[in-house]
Amino acid sequence: MVVKVTNIQKPKFPVIDIHNHLRDLKNAEKYLAEMEKAGVWKCVSLDGRSADNFYKEHLKASQAVSPDRFLVFFTPDFSKIDAPDFGRQEARKLEDAVKLGARGMKIFKTLGLTIKDKSGRLVPVDDPRIDPIWAKCGELGIPVVMHVSDPKAFFTPVDKHNERYDELAGHPNWAYGKEYPAKEEILAQRNRVLARHPKTIFIGAHVGNLPEELSRVSEWLDTYPNFYVEISARISELGRQPYTARKFMIKNQDRILFGTDTAPNAEAYRVYYRFLETDDEYIDPAAGHHLQGRWMIYGLSLPDEVLEKIYNKNAQKLLSRYQDAKK
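All figures in this text were calculated on a predicted structure; none of them were measured in a lab.

So, about the UniProt feature "domain: Amidohydrolase-related" (unreviewed entry) in the protein chain. Listed under "domain: Amidohydrolase-related" (unreviewed entry) in the UniProt record, and renumbered for this structure, are residues 84-319. Each end of residues 84-319 is marked by a C-alpha atom, and these two atoms are 32 Å apart; helix forms 43% of the span and strand 6%.

We now examine empty space enclosed by the protein. Counting across every chain of the model gives one cavity of 30 Å³ or more. If you add up the space inside the largest cavity, you get close to 50 Å³. Around the largest cavity, the lining residues are Leu-22, Asp-24, Leu-25, Ala-28, Tyr-31, His-58, Ala-61, Ser-62 and Phe-70. Elements with a contribution of two residues or more to the lining of the largest cavity: α1 (28-38) and α2 (54-65). The greatest single-element share of the lining of the largest cavity, amounting to three residues, is contributed by α2. A per-class count over the lining of the largest cavity returns six nonpolar, two polar and one charged.

Turning our attention to the environment of Ile-8. For Ile-8, the position within the fold is in the segment before β1 (15-20). Its relative accessible area of 12% is what places Ile-8 among the buried residues. C-alpha separation for the pair Ile-8 and His-58, spaced 50 residues apart in sequence, amounts to 32 Å. In this structure, Ile-8 is in contact with Arg-270, Tyr-273, Arg-274, Glu-277 and Thr-278, ignoring residues within four places of it in sequence.

Checked against the element boundaries, Asp-17 lands in strand β1. A relative accessible area of 0% means that Asp-17 is categorised as buried. Non-local contacts of Asp-17, meaning those with residues more than four positions away in its chain, are made with Lys-42, Cys-43, Val-44, Phe-258, Gly-259, Thr-260 and Tyr-269.

Let's shift gears to the environment of Tyr-298. Turning to its location among the elements, Tyr-298 is positioned in the loop between α11 (266-277) and α12 (304-319). By relative accessible area, which is 30% here, Tyr-298 ends up partly exposed. It is 8.7 Å that separates the C-alpha atoms of Tyr-298 and Thr-278, two residues lying 20 residues apart in sequence. Discounting chain neighbours no more than four positions away, the residues touching Tyr-298 are Gly-239, Pro-242, Phe-275, Asp-280, Glu-281, Tyr-282 and Ile-283.

Parameters and conventions
Residues numbered from 1 in each chain as written. Predicted model: local features only at pLDDT ≥ 70, side-chain atom pairs only at ≥ 80, totals over all residues. Heavy atoms only, no water. UniProt positions renumbered as here; feature names shortened; annotations may be inferred. Helix = DSSP H or I, 4+ residues; strand = E, 2+ residues; numbered from the N terminus. 1 Å grid on protein atoms, 1.4 Å probe; cavity = no way out; pocket = protein on both sides within 12 Å on 5 of 7 lines; lining within 4 Å. Points joined across faces, edges and corners; volume = space filled by probe spheres on them. Nonpolar A, V, L, I, M, F, W, Y, C, P; charged D, E, K, R; others polar. Buried < 20%, exposed > 50% of the residue type's maximum accessible area, 1.4 Å probe, protein only. Contact = heavy atoms within 4.5 Å.

Written out as structure tokens, the structure is:
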């Protein structure tokens, strides 16, 4: 099959990548060079760990390379969930991180899925011990990038019926059997947090962790005004449903952010640009992240006003809330 191929070197508008991992700090100069080649204005590293005070090292190293091109988000240390006054202690560390330059918080998928307290009980996403931390994010005016659960296929048997068999065969530890909580249970815990903390902005990683059902994600966006989503590592899901995805992106254009979950690489960024900006057909998305399924994807050809919001305006709006909260 021969189809049109559009090569986009740089996006129509500057990009803020809200979801990345720059923990390998010695590569910061390389990352910045790739961002320059790809028209990426700012990149958020979600690796500012509270554990061992790593966030201080990460902030220092990132700011040494560029004080404004790299942003660091803080991550709570849930290994201390049983400590007296855990929530308030971590909230104080978060406040310290923000004073040093952190501009958001990240929750990894282990919450609700594998983290246990000393009783052996899984710590749910809506555990009340975490409430002071969610509340502090709202008080400080910083967003929370929240990754809960994983793709639907990861919760089903890894057999010939699993549409992401190749990916799971390569990463067998990504599959969750019956000993893990159900995906729906974890999403419900997340939604209870959204409802309980309306003054805190939450960004649902990976299209709210349910790109396979965009109608439900759209319902969540309608229900929770403090909920946003980003598209990192999910263009393979969005691009195989181009009509539905285009309608979803246009309807929710004020609530969607750009992200990749891929270390800054110009060619990976360009796969995203081609998907969002063109009407190209049968695009191989693997170079944008890694092989996730055997299918190809189709470009959305989004209007310029929608592109600009997704590329940077929505992120700027959320990141600027910190300045408003200081006043």
